[in-house]
Amino acid sequence: MDALHPRLLVADFATAYAFYAAVLPELAGAELAAGGPSGPYASWDVDGQGLLSMFDAKLMAAAVGVDAPARPENAVMLVCRVADVDAGAKTCVEHGASVVASPTDRPQWGPNLRTAHLRAPGGVLIELQSY
């Protein structure tokens, strides 16, 4: 059984898939477990445990009987611990993320904590952290 993991509801599946397929292996050691670039579903595992899944937002909206897809940028933030925040941020930007807050030390949040905040394609907020 997978541990609790986030499922992103994405408006542009192909763009979101390209981003996560590019950065999850490097940042978290994830492997594609199901789905592919044509959607409507994909998931990534680490050591056989679910890390992240995503689903086409319009299909989910139809499935749950709402008129508009969910807005994941307002509903979820992904936090990923990495060895090197600066390198991780660079990888994300190279694959289409935009920087919200540049890599910075945050001793007020915890000893030796360094973070960067980015928006993935589709708007999901990502925090990269090391400590």
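Just so you know, these numbers come straight off a predicted model, no measurement behind them. (Residues numbered from 1 in each chain as written. Predicted model: local features only at pLDDT ≥ 70, side-chain atom pairs only at ≥ 80, totals over all residues. Heavy atoms only, no water.)

(A) Highlighting the sheet that holds strand S8 (residues 125–130). Strand order across the open sheet formed by four strands is S5-S8-S7-S6, with mixed pairing between neighbours. The open sheet is flanked by strand S5 (77–81) and strand S6 (98–105), the only strands paired with a single partner. Strand-to-strand, the axes of this sheet are offset by a mean angle of 15°, without reference to chain direction. Pairing analysis gives five bridges linking S6 to strand S7 (residues 114–119), with the strands arranged antiparallel. Bridged to Ser-98 within S7 is Arg-119. Contacting S5 and S8, helix H1 (residues 13–28) runs over the sheet at an angle of about 35° to S5. Sheet strands touched by helix H3 (residues 85–94): S6, S7 and S8. Its angle to S7, the strand with the most contacts, is close to 10°. (Pairing = 2+ DSSP bridges. Helix = DSSP H or I, 4+ residues; strand = E, 2+ residues; numbered from the N terminus. Axes fitted to C-alpha atoms, helices over the stretch in contact; angles between N-to-C directions. Contact = heavy atoms within 4.5 Å.)

(B) Expanded view of the confidence of the model for the protein. Mean pLDDT over the protein stands at 86; residues scoring 70 or higher make up 86%. Per-element confidence in the protein is highest for H3, whose mean pLDDT is 97, and lowest for helix H2 (residues 57–64), whose mean pLDDT is 75. (pLDDT = per-residue confidence, 0-100.)

(C) Region of the structure containing the pairing of strand S2 (residues 31–35). Taken together, the four bridges between S2 and strand S3 (residues 41–46) define a ladder with antiparallel strand orientation. Bridged to Leu-32 within S3 is Trp-44.

(D) Region of the structure containing the layout of surface pockets. Taken as a whole, the largest pocket encloses approximately 240 Å³ of empty space. As for the largest pocket, its lining consists of 16 residues, of which Leu-24, Leu-51, Leu-78, Val-79 and Cys-80 are closest to the centre. Of all the elements in the fold, those that place two or more residues in the lining of the largest pocket are H1, strand S4 (49–56), S5 and S8. With six residues, the top contributor of residues to the lining of the largest pocket is H1. (1 Å grid on protein atoms, 1.4 Å probe; cavity = no way out; pocket = protein on both sides within 12 Å on 5 of 7 lines; lining within 4 Å. Points joined across faces, edges and corners; volume = space filled by probe spheres on them.)

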